[in-house]
Amino acid sequence: ITASDTHELRRRVLRDDNPTATLDWPGDHDVTTFHLGVRDTDGNVLATSTWLARPDPDRPDVPATQLRGMATEPAHAGTGLGSALLTAGAARCRERGDAVLWANARFGALDFYERAGFRIVGPVFTTADTGLPHRRVRLELD
């Protein structure tokens, strides 16, 4: 999908339905960035994710990708769409030679990432965009 295809879910799910939220994020249009999504049969985007070639803050010496903007339509949460995006994105990262996949995960999503094999690393921090506590999570791909 395109960066603009992610905007509606980003606004509603990740930015508390804020009509003035910035939805076009730094890195969205970098040549190495890709966006994955799941659409229903009518073409509606049900889940999104953004994958940026960025070093892991703790391991800047290895090829890595930062996962951002994971969002699933609330009515479809828990149905496996997010897991499907993680599986597809991680496979693509491995293909391009990345050794690490990392994300800044909201507290409410930590269990999801742990079930997918990510480890929680680093201290709790709050993001300026959301005001919510996060932890960094990491998945070793090699």
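Here the residue numbers are simple positions, counted from 1 along each chain's written sequence. Given that this is a predicted model, residues contribute local features only at a pLDDT of at least 70 and side-chain atom pairs are listed and counted only at 80 or more, while totals for whole chains, interfaces and linings are drawn from all residues. Side-chain descriptors were evaluated using all non-hydrogen atoms of the structure, hydrogens and water having been removed beforehand.

Draft legend 1. Quick look at the packing of aromatic side chains. Any two of the Phe, Tyr and Trp rings considered here, Trp counted by its six-membered ring, make a pair once their centres fall within 6.5 Å; the pair's planes then place it as stacked at under 30 degrees, edge-to-face at over 60, or tilted in between. Using the criterion set out here, one finds three aromatic pairs in the structure. With centroids separated by 5.2 Å and ring planes inclined at 75 degrees, the aromatic side chains of Phe112 and Tyr113 adopt a geometry described as edge-to-face. The exposure classification of Phe112 matches that of Tyr113, with both residues buried. Ring plane angle 75 degrees and centroid distance 5.2 Å describe the contact between Tyr113 and Phe118, whose orientation is recorded as edge-to-face. The two residues Tyr113 and Phe118 agree in class, both being buried. Note on geometry: a ring has a charge over it if NZ (lysine) or CZ (arginine) is within 6 Å of the ring centre and within 35 degrees of the ring normal. Geometry around Trp25 places Arg10 over its ring, the cationic atom sitting 3.8 Å from the centre. Over the aromatic face of Phe34 sits the side chain of Arg92, whose NZ or CZ is 4.0 Å from the ring centroid. Remark: exposure states derive from per-residue accessible area (1.4 Å probe, protein chains only) relative to the maximum for the residue type, with buried under 20%, exposed over 50%, and partly exposed in between.

Draft legend 2. Geometry of the pairing of strand 6 (residues 133–140). Think of it this way: DSSP has to see at least two bridges between two strands before they count as a pair. Secondary structure is summarised from DSSP: a helix means a run of H or I of at least four residues, a strand means a run of E of at least two, and numbering begins at the N terminus for each. Summarising the sheet, strand 4 (residues 100–106) and strand 6 pair through seven bridges and their orientation is antiparallel. Note that in strand 6 the partner of Val100 across the bridge is Glu140. Bridge count for strand 5 (residues 119–126) against strand 6 is five bridges, and the pairing is antiparallel. Bridge pairing in strand 6 links Val121 to Arg136. Connecting strand 5 to the antiparallel partner strand 6 that follows it, the hairpin turn spans six residues, and Gly131 within it adopts a positive phi of roughly 75 degrees.

Draft legend 3. Region of the structure containing helix 2 (residues 81–95). Given a rise of 1.5 Å per residue, 15 residues ought to cover 21 Å, and the 21 Å separating the end C-alpha atoms of helix 2 matches this to within 8%. Where the residues of helix 2 are buried, they touch strand 1 (34–39), strand 2 (45–53), strand 3 (64–72), strand 4 and helix 3 (110–115). Residue Gly97 follows helix 2 closely and has a positive phi angle near 95 degrees. Here a helix's expected span is defined as the number of its residues, less one, multiplied by 1.5 Å. The contact rule is simple, with two residues in contact once any of their heavy atoms fall within 4.5 Å.

Draft legend 4. Examining the nonpolar core more closely. Ranked by internal contacts, the top residues of the largest apolar core, which has 23 residues, are Trp51, Leu67, Leu86, Leu101, Tyr113, Phe118 and Val137. Sorting the residues of this core by element identifies strand 1, strand 2, strand 3, helix 2, strand 4, helix 3 and strand 6 as the ones contributing at least two each. Within this scheme, the nonpolar core is defined by two criteria: the residues are buried Ala, Val, Leu, Ile, Met, Phe, Trp, Tyr or Cys, and they are joined through side-chain atoms within 4.5 Å.

Draft legend 5. Expanded view of helix 1 (residues 3–14). For helix 1, every residue scored as buried is listed here: Ala3, Thr6, His7, Leu9, Arg10, Arg11 and Leu14. Summarising the contacts, the buried residues of helix 1 are in contact with strand 1, strand 2, strand 3 and strand 4. Remark: Asp16 follows helix 1 within two positions and exhibits a positive phi of approximately 55 degrees.

Draft legend 6. Layout of the pattern of salt bridges. Salt-bridge detection follows one rule: a side-chain nitrogen of Lys or Arg within 4 Å of a carboxyl oxygen of Asp or Glu. For the structure on display, the rule yields twelve salt bridges. For the salt bridge of Arg138 with Asp56, the shortest nitrogen-to-oxygen distance reads 2.4 Å. Placement of the pair is Arg138 in strand 6 and Asp56 in the loop between strand 2 and strand 3, with a sequence separation of 82 residues. We note that Arg138, like Asp56, is buried. Here the residues in one salt-bridge network are Glu8, Arg11, Arg12, Asp17 and Glu73, joined through shared partners.

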